[in-house]
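This is what each chain is made of:
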Amino acid sequence: MRKANKDVTDSVQAQHSAEAEVQVLRARIAELEQRERQTQEELRYLEEQTSTLEVVFETITDGLAVYDRNGDLVRSNTAFKNLMGVEEQSDYHQMNMRQRGELLRLRDEADSALAPERWPLRRMLSEEVLAEEGAVDVRITTQTGRELQLSLSGGPIKKRNGEVSGAVAIYRNVTERRIIEQHNSEVLQALLAMAEVLVQGIDQSVTGDLQTTSSLTRVLQRLTRLSCSILGCQNISLTLVDAESNLLYPVTFFGSTETTHSVNAMQQWQTTLAGQHLQTYFSEPDYLRALEDGQSFLLKHEPLPPYLIIPMSVGGLTMGLMALDFGDPVYSITPDDMALAEAVSKLSMLVLERERLLQDRAEAHAKELALLDANQRMDEFLSIASHELRTPLTTINGNIQLAKRRVKGLLQVEEIPQSSHEKLELVQDLLNRAERQVQVQNRLVGDLLDASRVQANRLELHMGIYDLLAIVHEAVEDQQAAWPKRSISISDPGGVFRIPVYADADRLIQVITNFMTNALKYSASDKPVAVMVTIQDQKVLVAIQDEGPGLAPQEQMRIWERFYRAPGITVQSGSGVGLGLGLYICRTVIERHQGEVGIESEQGRGATFWFTLPIAQE
């Protein structure tokens, strides 16, 4: 019985043990099945991510290429192949780095061959990161013969131990953008050259009728060449309208040497205008209406391409006609091109009218009344022209501000793709450049407006009791922010914390800013500029000292004259744009404050510009 019971007990225990092992085995199987499901889910997720990355890789509009540690091409997207003009199975993919570089003829922005050690891919494999400001522009010649300029960025690919295993490079085609930038630069230079013509004018000693003044003709010829460069037309002509008889007098013409037929056609057309009456030649109702309203219009004359006629008007009177030939029978001018063409026409008319006024003044030199009348006409015209130029500048600046705000808002969106983020940053940089150029032009227009107000005795001052020390510090801080790399110091009178003056604070800031800007522009970038405030009896003296080239004694009085610019003095830092009006306006402002201005200078030893103001009693 004992043995039978033991056998039964052992059997029961064995059965329980087997059931426990089965349960453990089942739990293990369930665990393995769960892991298998997780593994399958992870594999499916990875496949989806890989598929997504593959789509992103292929749909990126910039060329994208991956290289191994030797510079051999491992992978590239469709945009890269299209950019380089290579097929999927072409020999290009089997070439080494040196062979590809020689095939593409890698050059820098100046079109000089790049040394192999300066090739962007070699730099990236040497652990250099080319991103943002470090991106480089290279010129290449593709297998299909295309000449491209690329902006290349990227960096090395590293293993966990830090060893470089390859590199990834992004190729962006900036050919058209660089062409546009070059064109904009040329347009800006041409506009500045036209402004220079406006300032310098022609030899004021010339006499004779307008139609026979050779000096004026040379000025107009220069203007037509500059206008053609700005507007991109093939041919351009300028015809004056006699103010009394309304007869047409062609005065100048400029045409492309590559379009002989169209050049001859416009010259013949211009010849037919000579001596004709304005309203008789342009007798069609649409043309007459456009001339009365001062609006541009297309003059059609088959089989020649239409000419864009831009009336050059002053005070509602048509003083001249600018004709543009773009060489295309179906040419359709854009609103932007039209606005630019009309702006160039107004500037040309400004130069022409200035020469008319100067000639009137020369002919009436012995008559004080005639001299005053000529000055008044010139200043009124400058005022009108300044307002005409400021209106589009204000619109442009407003649009730039709105565009910058939009771009800034888009950059703050977290879901935006990296490629789009980079493009928006590029747009933001271009808008900043455009804003700076608008500010330069706006300052020039502001000088013209102030000069005309001074001459007309309409310069307004908003007077009150202000602290001159605070005004000086504010102006200096503004310039320190605008010129962060320059050394600008300021010294105050010891123990004085406030200097009251009866003044227009904004106009004083304008004067101090002008003095400081001149000191910074006409001295080397490593030279300091010092601002000093001292008290002399019941007056306060503000002086700005530089280490520039200085001025000769005979120039120290003339620099305060309107439109005068000292010869031989070149800009050493910043922009050289100016009309010779800043010091003239500064002297007027300080004299209206019952103060004085002056300069202390020696050639080669810098200059100190100063002004004094009476201290007010509070």
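One can find the structure itself at the top, above this paragraph.
Please read all numbers here as calculations on a predicted model, not as lab measurements. (Residues numbered from 1 in each chain as written. Predicted model: local features only at pLDDT ≥ 70, side-chain atom pairs only at ≥ 80, totals over all residues. Heavy atoms only, no water.)

Novice: I would appreciate a short explanation of the packing of helix H14 (residues 505-521) against helix H16 (residues 582-592) in the present structure.
Specialist: Angle between the axes and distance between the axes are the two parameters that describe a pair of packed helices. Contact pair H14 / H16: the axes reach a minimum separation of 10 Å and the direction vectors enclose 145°. The interaxial crossing formed by H14 with H16 has left-handed handedness. Where H14 approaches H16, its residues Arg507, Leu508, Gln510, Val511, Asn514, Phe515 and Asn518 are matched on the opposing element by Gly582, Leu583, Ile585, Cys586, Val589 and Ile590. Split into classes, the residues belonging to the contact of H14 with H16 amount to 8 nonpolar, 4 polar and 1 charged. (Axes fitted to C-alpha atoms, helices over the stretch in contact; angles between N-to-C directions. Helix = DSSP H or I, 4+ residues; strand = E, 2+ residues; numbered from the N terminus. Left-handed = near helix turned anticlockwise from the far one by under 90°. Contact = heavy atoms within 4.5 Å. Nonpolar A, V, L, I, M, F, W, Y, C, P; charged D, E, K, R; others polar.)

Novice: Quick question: what am I supposed to make of the pattern of salt bridges here?
Specialist: Should their charged atoms come close, side chains of opposite charge can pair. By the definition in use, this model includes 13 salt bridges. Among the salt bridges present, the one from Glu128 reaches Arg123, with a minimum N-O distance of 2.7 Å. Of the residues examined, Glu128 reaches a relative accessible area of 31% and is grouped as partly exposed. The partner of Glu163 in a salt bridge is Lys159, with the nearest N and O atoms 4.0 Å apart. Judged by its relative accessible area of 29%, Glu163 is partly exposed. Classification of Lys159 by relative accessible area gives partly exposed; the value is 46%. A cluster of three or more residues bridged by salt bridges with shared partners is formed by Arg28, Glu31 and Arg35. (Salt bridge = Lys/Arg side-chain N within 4 Å of Asp/Glu carboxyl O. Buried < 20%, exposed > 50% of the residue type's maximum accessible area, 1.4 Å probe, protein only.)

Novice: Explanation requested: helix H9 (residues 285-293) in the structure shown.
Specialist: It helps to recall that an α-helix has 3.6 residues per turn; residues three or four apart then point in one direction. Tyr287, Ala290 and Leu291 are the residues of H9 that are buried. On an axial view of H9, the arc spanned by its buried residues comes to 100°, and they lie on one face. The exposed set on the far side of H9, more than 90 degrees from its buried face, consists of Pro285, Glu292 and Asp293. For H9, the elements touching its buried residues are helix H8 (278-281), strand E8 (297-301), strand E9 (304-314) and strand E10 (317-325). Looking one or two residues beyond H9, the residue adopting positive phi is Gly294, at roughly 70°. (Arc of directions from axis to C-beta.)

Novice: Quick question: what am I supposed to make of the environment of Gln234 here?
Specialist: Take Gln234: it is sitting in the loop between helix H6 (214-231) and strand E6 (235-241). Sequence-wise, Gln234 and Val263 are 29 residues apart; in three dimensions their C-alpha atoms are separated by 8.2 Å.

Novice: What is the right way to look at the side chain of Arg123 in this model?
Specialist: The residue Arg123 is located in helix H4 (residues 120-125) in this model. Here Arg123 falls in the buried class, since its relative accessible area comes to 11%. Residues within four places of Arg123 in sequence aside, it is in contact with Glu117, Arg118, Glu128, Leu130 and Val136.

Novice: Would you mind going over the environment of Ala470 with me for this structure?
Specialist: On the secondary structure map, Ala470 appears in helix H13 (residues 468-482). Exposure remark for Ala470: the relative accessible area of 41% places this residue in the partly exposed category. Along the sequence, Ala470 and Arg498 sit 28 residues apart, while their C-alpha atoms lie 7.8 Å from each other.

Novice: Looking at this model, I keep getting lost on the nonpolar core. Mind explaining?
Specialist: Grouped burial of nonpolar side chains is what soluble globular proteins tend to show. One finds Phe515, Ile559, Phe609 and Phe611 to be the most contacted residues of the largest nonpolar core, which totals 46 residues. At the level of secondary structure, the elements contributing two or more residues to this core comprise H13, strand E13 (500-503), H14, strand E14 (529-536), strand E15 (539-545), H16, strand E16 (596-601) and strand E17 (607-614). Here the element with the most residues in this core is H14; it accounts for 9 residues. If sequence neighbours within four positions are ignored, Phe609 has contacts with Phe515, Val542, Ala543, Ile544, Leu551, Ile559, Trp560, Leu583, Gly598 and Ile599. Judged by nonpolar contacts, the second largest core, of 27 residues, contains Leu125, Leu148, Ala169 and Tyr171. (Core = buried A, V, L, I, M, F, W, Y, C linked by side-chain atoms within 4.5 Å.)

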